[in-house]
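Report on the structure
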Amino acid sequence: MSPWRPGCGGRERRSGAGTMAALRPDEELGLRATEMEEEEGMGRGEEQSLQLNLGDLDLTSNEFILDEVDIHIQANLEDSLVQEALKTGVDLRQYSKQVELELQLIEHASIRDYIKESKNITSLHNQITACDTILERMEQMLSSFQCDLSSISCEIQTLQEQSVAMNLRLKNRQAVRSQLSQLVDELVVPAAMISTILEAPVTEQDFLEQLHELNNKMNYVKEQAFRETMACTDVHHVLDRLKVKAVTKIREFVLQKIYSFRKPMTNYQIPQNALLKYRFFYQFLLGNERSVAQELREQYVETMSKIYLSYFKSYTSRLMKIQYEEVAEKDDLMGVEDTAKKGFFSKPSLKNRNTIFTLGNRGSVIGGAELEGPIIVPHAAQKSDVRYPFESLFRSQHYALLDNSCREYLFLCDFFLVTGPSAQELFNAVMGKTLAMFLKHMDAYVCDCYDSIAIFLCIHIVLRFRAITAKRNVPAIDKYWDTLLEILWPRFEYILELNIQSIQNTDPQKLGFLDTRPHYITRRYAEFSSAIVSINQTFPNERTHTLLGQLQVEVENFVLRVAAEFSSRKEQLIFLINNYDMMLSVLMERAVEESKEVEGFQQLLSARSQEFIEEILSPPFGGMIAFVKESESLIEKGQLDRLRGEEARVTQLVRGFSTTWKASVELLSQDVMRSFSNFKNGTSIIQGALTQLIQYYHRFHKVLAQPPLRTLPARTELINIHHLMVELKKHKPNF
């Protein structure tokens, strides 16, 4: 059997297999046998010719290319089978024949397998043929479907184009319809609107709703008229007639409400609230008939301006009738002597009489409860015979002004649709005369007022009322508050300067009999200063601190001038301590301890108290105190030798103190308690004096412990410090 060669045998077999597939099974078997015989004959012929045909190994061939020999040899040597054969030493020709024989055997076995499976192959062939038939029919069907789908796609595309065109036409029609619908709705005047505007009262809700609708239609017609819409001319005359009718009815209604303000005893807040319910009326007039709107505005301003002026003028005059009859005059100053005139200070205290320098309960007028409390009703106060200080009348008067001004400003902004400078201008037109009347009244009263506490309370009332208006976001009367402060502050400073001048001009020699008790002028200052400081704490003001500082300096100078009238230093110190203590006590009742006035008088009192303690210890214990101070000076200088000649003096001091200290301390305590009107202050001075005495005696012990005096026999007679402290505690006053 000849070996199979890929170049020719493969194609022949495939063509033979294709031919066999078209034959019957018996014909196929016969053909197979014939092919096998031919192949065997061809194999024998090839074996015979193999000895002569060398192929690629023929070196005599013209096609042999010497240069390629190395390449072919190298490629064959790299083959794994060739390498294995070379390793084992096998003859390549013999090995080639063996391989061809094996391939022929495999081929014959494969042919026998095909013959064995010929029936199955025939069945498979039939099935494949049937499948080819079915697939051909399916191909025809799919081709038909493809043609149908192509026609459907064209139809769908046509329908889509028609849909887009219809959708565009629909949108255009809808846009036109919406505009035309709005135009028709806005231009058409319904019968219900006509009947309501013509017949319904203006206070009914239907009238207000139809008025809104009429206003919208008129504005729309104006807008369309600019676009030259021809349909506007059809309804323009109807809308004009309805507008005229509505304006007429609104004008009559608003004028009626404004005229109702003029009735006596009318609470004008009620018609104002009624107007606020129909604030759209003025808005309608302002947009469609400005002349009528201006007329109503002027009528309102004229009416309310007269009403406010009349009301507050009457209220102010009635308030002033219930003021205290006794008020401060130009001679009622801090430095005026009690003996100079039989007037304010010499009269017995009357019930609810207004005081000049004492705050009392007058400060409650700026408290939270009374500041925004109900205003004073003059006829009720006259009926019950109640009178008030000026600051209470001022508070009532200006709280009424504040309340009415805030309400009026908000009403003007809400009803007349104004804001900012326009609102301020309209408010000034309504309240301007009233505010001018208030300022004129205050200017006239303040020019003749000498009650500095009342003026200062009025200043703080204004400061608090200004804060209230700012909290309510009503800037309408800010300028009025500033003008009022410009009137009050200079007057307060002027009165304070008069008091300072009066103290400067006071001559202590003309004050009559003087004693060491607190002076009435210093008491006036203490009451006045504590009043001003306590009021000023809530709204601190540097101008006030400066004026009070000047007044304090003059009072301190005055106290020193009066103290100089006493002959002895002891009486001078008693007078100074009594006055400083009194002023400090009064100040601390109302002012905080950190205030400048309290701190200043505490320092003065402490300094004078210490000096007085030294003064009262000097008579009974002056010798010992002088010796201690001299000895400590010598010890500090290192001159201890100079103490050796003081034995007799030391002995006398030790024995004198031991025998007289108890009686001296008792007399000292009695003298102090008689000298000071404030028992607490006297007790403090006694404690200070006893403490100072113990310190001096302790220092006396230290001096005697020095080497020059350490051996003196008198040291044994010294009183023990702790024993002395126990004994002195028995003399401490208890209150």
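Residues numbered from 1 in each chain as written. Predicted model: local features only at pLDDT ≥ 70, side-chain atom pairs only at ≥ 80, totals over all residues. Heavy atoms only, no water.

A word on the overall build of the protein
When helices and strands are tallied, the protein shows 25 helices and zero strands. Within the protein, the proportion of its 735 residues that are buried is 39%. A separation threshold of at least 6 residues defines the contact pool for the protein, and within that pool the share at least 24 residues apart is 77%. Split by element, the accessible area of the protein, about 43000 Å² in all, is 54% carbon and sulfur. (Helix = DSSP H or I, 4+ residues; strand = E, 2+ residues; numbered from the N terminus. Buried < 20%, exposed > 50% of the residue type's maximum accessible area, 1.4 Å probe, protein only. Contact = heavy atoms within 4.5 Å. Areas by Shrake-Rupley, 256 points an atom, 1.4 Å probe, with all protein chains shown as cover.)

Digging into helix 15 (residues 390–415)
With 26 residues, helix 15 extends 37 Å between its outermost C-alpha atoms, agreeing within 8% with the 38 Å of an ideal straight helix rising 1.5 Å per residue. Where burial is concerned, most of helix 15 is hidden: 21 out of the 26 residues are buried. Directly after helix 15, the chain includes Leu417, whose backbone phi takes a positive value near 55°. (Expected span 1.5 Å × (residues − 1).)

Points about the confidence of the model for the protein
Close reading of the predicted structure is inappropriate where its pLDDT is low. Here the protein averages 83 in pLDDT, while 84% of its residues score no lower than 70. Note on residues 39–52: pLDDT under 50 across the span, and nine contacts to partners over four residues away in sequence or across chains. (pLDDT = per-residue confidence, 0-100.)

Here's the deal with the packing of aromatic side chains
A full pass over the atoms with the stated rule returns 37 aromatic pairs. With 6.4 Å between their ring centres and 75° between their planes, Phe438 and Tyr480 make a pair best called edge-to-face. In this pair, Phe438 is assigned in helix 16 (residues 420–447) and Tyr480 in helix 18 (residues 478–504), connecting sequence segments 42 residues apart. Members of the aromatic cluster, connected to one another through ring pairs, are Tyr268, Tyr308, Tyr311, Phe312, Tyr315, Tyr399, Phe438, Phe465, Tyr480 and Trp481. The ring of Tyr450 has Arg491 sitting right over it, with the charged end atom 4.8 Å from the ring centre. (Phe/Tyr/Trp six-rings, centres within 6.5 Å; stacked < 30°, edge-to-face > 60°. Lys NZ or Arg CZ within 6 Å of the ring centre and 35° of its normal.)

Let's talk about the pattern of salt bridges
Per the counting criterion, the structure on display carries 20 salt bridges. In this structure, Lys243 and Glu289 form a salt bridge, with 4.0 Å as the shortest nitrogen-oxygen distance. Of this pair, Lys243 sits in helix 9 (residues 232–260) while Glu289 sits in the loop between helix 11 (279–288) and helix 12 (290–320), and the two are 46 residues apart along the sequence. Given the relative accessible area of 16%, Lys243 is considered buried. As a salt-bridge pair, Asp403 and Arg407 come within 3.4 Å of each other at their nearest N and O atoms. Separated by four residues within a single helix, Asp403 and Arg407 lie in helix 15, roughly one turn from each other. (Salt bridge = Lys/Arg side-chain N within 4 Å of Asp/Glu carboxyl O.)

Considerations on the packing of helix 20 (residues 542–563) against helix 21 (residues 569–590)
In the contact formed by helix 20 and helix 21, the axes pass within 9 Å of each other and the chain directions differ by 150°. Classified by the angle between their axes, helix 20 and helix 21 sit roughly antiparallel to one another. Our pair here, helix 20 against helix 21, has a crossing hand that is right-handed. Contacts from Val555, Val559, Leu560, Val562 and Ala563 in helix 20 reach Gln572, Phe575, Leu576, Asn579, Tyr580 and Met583 in helix 21. Here the residues of the contact of helix 20 with helix 21 are counted per class, giving nine nonpolar, two polar and no charged. (Axes fitted to C-alpha atoms, helices over the stretch in contact; angles between N-to-C directions. Parallel < 35°, antiparallel > 145°, perpendicular 65-115°, else oblique. Left-handed = near helix turned anticlockwise from the far one by under 90°. Nonpolar A, V, L, I, M, F, W, Y, C, P; charged D, E, K, R; others polar.)

Comments concerning a nonpolar patch on the surface
Where nonpolar side chains cluster on the molecular surface, the patch consists of Ile73, Leu77 and Leu86 and spans about 250 Å² of accessible area. Mapped onto the elements, Leu86 comes out in helix 4 (residues 80–88). (Patch = residues over 30% accessible without salt bridge, like charges linked within 9 Å, V, L, I, M, F, W, Y side chains within 5 Å.)

Looking at the nonpolar core
Ranked by internal contacts, the top residues of the largest apolar core, which has 174 residues, are Leu488 and Phe700. In terms of residues, this core owes the most to one element, helix 22 (residues 596–637), which gives 13 residues. Excluding its chain neighbours within four sequence positions, the residues that come into contact with Leu488 are Phe394, Met442, Val446, Ile455, Cys458, Ile459 and Val462. Grouped together as the second largest cluster of nonpolar side chains are six residues, Leu319, Ile322, Ile376 and Leu393 included. (Core = buried A, V, L, I, M, F, W, Y, C linked by side-chain atoms within 4.5 Å.)

Thoughts on unusual backbone geometry
Residue Asp385 is not a glycine yet carries a positive backbone phi of 55°. Its place among the elements puts Asp385 in the loop between helix 14 (378–383) and helix 15. Positive phi is not limited to glycine here, since Leu417 has a value of about 55°. When you line up the elements, Leu417 lands in the loop between helix 15 and helix 16.

What about the environment of Thr538?
Inspection of the secondary structure assignment puts Thr538 in the loop between helix 19 (520–536) and helix 20. Measuring from C-alpha to C-alpha, the distance between Thr538 and Arg464 comes to 9.8 Å, with 74 residues separating the pair along the chain. Here Thr538 is in contact with His460 and Arg464, once residues within four sequence places are set aside.

Considerations on the packing of helix 19 against helix 21
Where helix 19 meets helix 21, the closest approach of the two axes is 8 Å, and the angle between their N-to-C directions is 25°. Here helix 21 runs roughly parallel to helix 19, going by the angle between their axes. Note on packing geometry: the crossing formed by helix 19 with helix 21 is right-handed. Between helix 19 and helix 21, the residues in contact are Thr522, Arg523, Tyr525, Ala526, Glu527, Ser529, Ser530, Ala531 and Ser534 and Asn579, Met582, Met583, Val586, Leu587 and Arg590, respectively. Residue classes in the contact of helix 19 with helix 21 are distributed as seven nonpolar, five polar and three charged.

Focus on the environment of Arg590
Here Arg590 is to be found in helix 21. Taking C-alpha positions, Arg590 is 9.8 Å from Leu359, a pair spaced 231 residues apart along the chain. Setting aside chain neighbours within four positions, we find Arg590 in contact with Leu359, Gly360, Ser530, Ala531, Ser534 and Gln537.

Here we look at the side chain of Thr544
Within the secondary structure layout, Thr544 lies in helix 20. If we ignore the near neighbours within four places in the chain, the residues touching Thr544 are Phe456, Trp489, Ile532 and Asn536.

Quick look at the environment of Met624
Note on placement: Met624 falls in helix 22. For Met624, a relative accessible area of 5% puts it in the buried group. C-alpha separation for the pair Met624 and Val650, spaced 26 residues apart in sequence, amounts to 8.6 Å. Here Met624 is in contact with Leu653, Phe657, Leu693, Tyr696, Tyr697 and Phe700, once residues within four sequence places are set aside.

Concerning the side chain of Gln692
Secondary-structure assignment places Gln692 in helix 24 (residues 679–704). Beyond its immediate stretch of four places on either side in the chain, Gln692 contacts Gln610, Ile613, Glu614 and Leu617.

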